[in-house]
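# Structural overview for review
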Amino acid sequence: MFERIIAIIIKEFIELRRDNSARFRLIVPTILQMLLFGYAATYEVYHVSTAVLDLDHSQESRELLSHFTASNRFDVVEEARSQRDITAAIDRSDAAVALVIHAGFAELLRKGRSAPLQVIVDGTNSNTALIALGYVNAIAANFAKDYATDLAQRISGTAGARQVQVVLEQRPWFNPDLNGRWFFVPGLIGTLTLVIVVNLTAFAIVREREVGTLEQIMVSPIRPVEFILGKTVPFFVIGLFQVALIVAVGTLWFQVPFAGNPLVLVLGSVLFLLSTLALGLLISTLCSTQQQAFSLNFFILNPFFILSGFSFPISSMPQVLQWLTYVNPLRYYLVVIRGTFLKGVGLGVLWPELAAMAAIALILLATSILRFRKSLE
Amino acid sequence: MNAGTPIVAAEALTKRFAESVAVDGLTFSVDRGEIFGLVGPDGAGKTTTMRMLAGVLPPDAGSIVVDSVDVVADPEGAKQHISYMPQRFGLYEDLTVDENIRFYADLFEVPSALREERATRLLAASGMSQFRARLAGQLSGGMKQKLGLTCALVHTPQVLLLDEPTTGVDPVSRRDFWRILYGLREEGVTILISTAYLDEAERCNRLALLYGGRVLYCDTPVALKRHMPGALIVITSSAGRDARAAIARLAGVSNVVLVGDGVHAVVDDSRLRIPELRQALEGVNVPFANIAVGEPSIEDVFMALLDDPEAPR
Ligand SMILES: Nc1ncnc2c1ncn2[C@@H]1O[C@H](COP(=O)(O)OP(=O)(O)O)[C@@H](O)[C@H]1O
Ligand SMILES: [Mg+2]
């Protein structure tokens, strides 16, 4: 039994090594997508119209606002005198973002405490607003860091460097989801392995059907399960390799932080890969030519992306579509990926996602194996 | 096992597809150690029959026994006894000759020493020893078929099922191929081969003439020729076309075909018709060198049988 499975695995790797089109399908989308999402789709926004209100009139508040004036991401279009001016500016859409520094800002900072910066964003263009908020965050953090260094120098010897922060009101600190690159690059682990593993698996089996080797193999003493194992193990290995590659490029090249436990990511990846293998097998049972597999792949995989939360937030989808996302393994995998990468959460938080993926993998595998056995008849 | 029992026995084998009956009550048996041919034109049901014998296609009705295993009831059990080479043998084109052989040997769990020995011998017999490192996709059609045969034979089967192995194969490779089959017969392997080439039928020990999913006749090539309804008349003439035109419509004459040096025709009664033919040719001044009864080929027999209303259908 093992000899037969190993024979297929060896054969599969030799074929993969010699099959230029499979290599193409493996490598090109990976590079392309990483470049695309790593560089192009980072949601960069420049020249956001901004209104400012300084109620503190301190050196510190002027200093902070000058950071915004200096940044090409923000154009200060209005220096307001009262809270009412601010509201009006936002209402009239003169400004997409408003910054308010309340009285007492400098005093808090000088004491080494956290000082609030109120940010109002125009939610009508939620994307721009959210991205802008990320920049506000970054500028405020920079300011706080510099200030802390200065402060430490001035009062050196007394208490050492103290934590000085500028806290954005109404928004969570460092919402990492606002950094396009941080958001997308880890997500690529899910989308790319989905495309590539499903694609390779489906093609590898359909090709055997098309060329006639499948019938040839089935008259040998091999059992369907042995065939399936031999056919899927190589793509499982390739899938894991793919995950490792994207993690490496993402963290080393694109500097995406990895805060969580790698083992949790591995576990999630294994469960997700099982689903993708099953999906590939399922597609292969529905096609008799590689041409058919190609178009079927396209139609089947597209909804997986759209309904995953990879680029469109699930919470803004119509209810019916939201329900559909619950059967999408990619949805859960993305939560696991972003959770381990950015939030640093572990099994305690991610177990429902992992359990859901396990259940989906099990159902998909059972269905596809049954279907595959039937398709041999 | 008793030497008298056939090693392959098919009885009343029937397979229907949506709109047609591909195999219709087929009955035949193959003796141990013979080369048995399933001979018939495209669509006669050869491939369907082979697939049922190999256990990959369940029949709608009928029984198949191979080497005392009931193939219909236990297709998995029959696989150890059978090697089946489908009409389109599945070679991995991205794998070399050696890698293909190795893969199929591993599927049958053939020990590597035995595999090496068999592969060396079979490749030598088919004149492919120097191509062992070549990719299968770069082989000629004939070489692909020989490699397919080598892969199918690497596990020493009792019964070899070959579905149209020589279709589209050049004459030299075809001759190699048959030489290998004769060698296997010496070793006691029973071979069931299907072909649409009627000239190959003569190479079989026995054959079944298949048409429309039924057996017309099943016998040795020599005996089959005795079933020829009427006689084959060979007319040697430099004006074949004119000769054909002159005799085509005569009573008792059928299957008039042009051949290289004249015309072949089938007549119901040679003693009665030869003088009539001679008269007809002379009547329109068609020159001819000779007119005589000839030895029919299987092809002639088959064509005559198709036209004969009394032949079994
Ligand atoms: N899978 C199938 N589905 C429908 N019809 C089939 C199928 N396989 C064969 N047939 C039909 O059965 C008949 C016999 O086919 P086949 O066994 O392939 O003949 P041969 O091998 O002698 O050329 C043909 O009419 C063919 O169209
Ligand atoms: Mg055929």
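Residues numbered from 1 in each chain as written. Chains lettered and ligands numbered in written order. Predicted model: local features only at pLDDT ≥ 70, side-chain atom pairs only at ≥ 80, totals over all residues. Heavy atoms only, no water.

## A look at the overall build of chain A
Across its full length, chain A carries 14 helices and five strands. The buried share among the 377 residues of chain A stands at 50%. Partitioning the contacts of chain A with sequence separation of at least 6, the portion at a separation of at least 24 is 79%. Accessible area of chain A: about 17600 Å², with a carbon and sulfur share of 64%. (Helix = DSSP H or I, 4+ residues; strand = E, 2+ residues; numbered from the N terminus. Buried < 20%, exposed > 50% of the residue type's maximum accessible area, 1.4 Å probe, protein only. Contact = heavy atoms within 4.5 Å. Areas by Shrake-Rupley, 256 points an atom, 1.4 Å probe, with all protein chains shown as cover.)

## Digging into the domain arrangement of chain B
Looking at chain B, the domain boundaries give domain 1 (8-225) and domain 2 (231-295). Relative placement of domain 1 of chain B and domain 2 of chain B: their C-alpha centres are 40 Å apart. (Domains from an automatic or database assignment.)

## Let's talk about the site of ligand 1
Residues and elements named next belong to chain B. Taken together, the neighbourhood of ligand 1 is formed by Phe17, Ala22, Pro41, Asp42, Gly43, Ala44, Gly45, Lys46, Thr47, Thr48 and Glu164. In isolation ligand 1 offers 550 Å² of accessible surface; the protein chains occlude 62% of this area. Top contributing element to the shell around ligand 1 by residue count: helix α1 (residues 46-54), with three residues. Across the shell around ligand 1, the residue classes break down as four nonpolar, four polar and three charged. (Near = heavy atom within 4 Å. Nonpolar A, V, L, I, M, F, W, Y, C, P; charged D, E, K, R; others polar.)

## Quick notes on the coordination of the magnesium ion (ligand 2)
Residues and elements named next belong to chain B. Protein coordination of the magnesium ion (ligand 2) is provided by Thr47 (OG1), Gln87 (OE1) and Glu164 (OE), with donor distances spanning 1.9 to 2.4 Å. The sequence pattern describing where the donors of the magnesium ion (ligand 2) fall on their chain is T-x39-Q-x76-E. Linking Thr47 in helix α1 with Glu164 in the loop between β7 (159-163) and α6 (171-186), this pair joins segments that are 117 residues apart in sequence. By relative accessible area, Thr47 is classed as partly exposed at 24%. (Donors = N, O, S within 2.8 Å, 3.2 Å for Na, K, Ca; no water.)

## Quick look at the environment of Ala22 of chain A
All names here are of chain A. When you line up the elements, Ala22 lands in helix α2 (residues 20-40). Classification of Ala22 by relative accessible area gives buried; the value is 4%. When the C-alpha positions of Ala22 and Ile5 are compared, they lie 21 Å apart, and in sequence the two are 17 residues distant. Once residues within four sequence positions are removed from consideration, Ala22 is found in contact with Leu16 and Leu200.

## Observations regarding the sheet that holds strand β6 (residues 82-85) of chain B
Residue and element names in this part refer to chain B. Strand order in this open sheet of six strands is β6-β7-β8-β3-β9-β10, and the pairing throughout is mixed. Strands with a single pairing partner mark the edges of an open sheet, and in this sheet they are β6 and β10 (214-219). Shown here is a sheet whose adjacent strand axes are inclined to one another by a mean of 15°, direction ignored. As defined by bridge partners, β7 adjoins strand β8 (residues 190-195) across five bridges and the pair is classed as parallel. (Pairing = 2+ DSSP bridges. Axes fitted to C-alpha atoms, helices over the stretch in contact; angles between N-to-C directions.)

## Section: the interface of chain B and chain A
At the junction of the two partners, chain B supplies 23 residues and chain A supplies 23 residues. Both faces considered, chain B and chain A share a buried interface measuring about 2300 Å² in area, 57% of it formed by carbon and sulfur atoms. When the area that chain B buries against chain A is broken down by residue, the three leading residues are Tyr92, Asp94 and Leu107 of chain B, summing to 25%. Across the contact surface, chain B and chain A share three salt bridges. In this structure, Arg51 of chain B and Glu215 of chain A form a salt bridge, with 3.1 Å as the shortest nitrogen-oxygen distance. The tally of links from chain B across to chain A stands at nine residue pairs in polar contact (both at pLDDT 80 or more). (Buried area = accessible area lost by both parts, 1.4 Å probe. Salt bridge = Lys/Arg side-chain N within 4 Å of Asp/Glu carboxyl O. Polar contact = N/O pair within 3.5 Å; in protein donor to acceptor, adjacent residues only side chain to side chain.)

## With respect to the pairing of strand β13 (residues 262-267) of chain B
All names here are of chain B. Summarising burial for β13: six of the six residues are buried, a large majority. Where strand β11 (residues 231-236) lies against β13, six bridges are found, and the strand directions are antiparallel. Residue pairing for β13: Thr236 is matched across the bridge by Gly262. Two strands pair when backbone bridges link them, and strand β12 (residues 253-259) and β13 are joined in this way by five bridges, in the antiparallel orientation. The residue bridging Val259 from the neighbouring strand is Gly262, located in β13. Taking the residues between adjacent antiparallel strands as the criterion, β12 and β13 are bridged by two residues.

## Quick word on the packing of aromatic side chains
The final tally for this structure, using the stated rule, is 13 aromatic pairs over all chains. Ring centres of Phe298 of chain A and Phe299 of chain A lie 5.8 Å apart, and the angle between their planes is 80°; on these two criteria the pair is classed as edge-to-face. For Phe298 of chain A, a relative accessible area of 51% gives the class exposed. An angle of 90° between the planes, with centres 5.2 Å apart, marks the rings of Tyr92 of chain B and Phe103 of chain B as edge-to-face. Here Phe103 of chain B lies in helix α3 (residues 97-107) and Tyr92 of chain B lies in the loop between β6 and α3, a separation of eleven residues in the sequence. (Phe/Tyr/Trp six-rings, centres within 6.5 Å; stacked < 30°, edge-to-face > 60°.)

## Re the packing of helix α9 (residues 240-247) of chain B against helix α10 (residues 270-283) of chain B
Residue and element names in this part refer to chain B. In the contact formed by α9 and α10, the axes pass within 9 Å of each other and the chain directions differ by 120°. Between α9 and α10, the angle falls in the class oblique. Two packed elements cross with a definite hand, and for α9 against α10 that hand is right-handed. Contacts between α9 and α10 involve Ala243, Ala246 and Ile247 on the former and, on the latter, Leu277, Ala280 and Leu281. Taken together, the residues of the contact of α9 with α10 break down into six nonpolar, no polar and no charged. (Parallel < 35°, antiparallel > 145°, perpendicular 65-115°, else oblique. Left-handed = near helix turned anticlockwise from the far one by under 90°.)

## Let's talk about the environment of Leu376 of chain A
Residue and element names in this part refer to chain A. Looking at where Leu376 falls in the secondary structure, it is placed in the segment after α14 (347-375). Classification of Leu376 as partly exposed rests on a relative accessible area of 24%. Put simply, Leu376 and Pro224 are 152 residues apart on the chain and 8.7 Å apart in space, counted from C-alpha to C-alpha. Filtering out sequence-adjacent residues up to four positions away, Leu376 remains in contact with Leu214, Met218 and Pro224.

## Let's talk about the sheet that holds β13 of chain B
Adjacent strands of a sheet form backbone hydrogen bonds with each other and so pair up, either parallel or antiparallel. Residue and element names in this part refer to chain B. Across the sheet, four strands lie side by side as β12-β13-β11-β14; this open sheet has antiparallel pairing. Where the open sheet ends on each side, the last strands, each with one partner, are β12 and β14 (290-294). Mean inter-strand twist for the sheet, computed between neighbouring axes without regard to direction, equals 20°. In this sheet, β14 lies alongside β11 in antiparallel orientation, the contact comprising five bridges. Paired with Val234 across the strands is Ala292, a residue of β14. This element, helix α11 (residues 298-307), spans β11, β12 and β13 of the sheet and lies at about 145° to β12.

## Focus on the nonpolar core
In this structure, Phe227 of chain A together with Leu147, Leu149, Leu160, Leu162, Leu181 and Ile191 of chain B are the most contacted members of the largest nonpolar core, which totals 51 residues. Other than its neighbours up to four places away in sequence, Phe227 of chain A contacts Ile8, Ile205, Glu208, Leu214, Ile217, Met218, Ile222 and Phe372 of chain A. Of all hydrophobic cores here, the second largest spans 46 residues; its members include Ile246, Leu301, Phe304 and Val336 of chain A. (Core = buried A, V, L, I, M, F, W, Y, C linked by side-chain atoms within 4.5 Å.)

## Structural notes on the domain arrangement of chain A
By a widely used convention, the size of an interface equals the accessible area lost when the partners come together. Per the domain assignment, the segments of chain A are domain 1 (2-41 + 177-376) and domain 2 (48-161). A C-alpha centroid distance of 44 Å is found between domain 1 of chain A and domain 2 of chain A.

## Focus on the packing of helix α1 (residues 2-18) of chain A against α3 of chain B
The interhelical angle for the contact between α1 of chain A and α3 of chain B, taken along N-to-C directions, is 155°, at an axis separation of 8 Å. Our classification of the angle between α1 of chain A and α3 of chain B gives roughly antiparallel. The chirality of how α1 of chain A crosses α3 of chain B is left-handed. Counting all contacts with α1 of chain A, which are made through Glu3, Arg4, Ala7, Ile8, Lys11, Ile14 and Arg18 of chain A, the residues of α3 of chain B involved are Glu99, Phe103, Asp106 and Leu107 of chain B.

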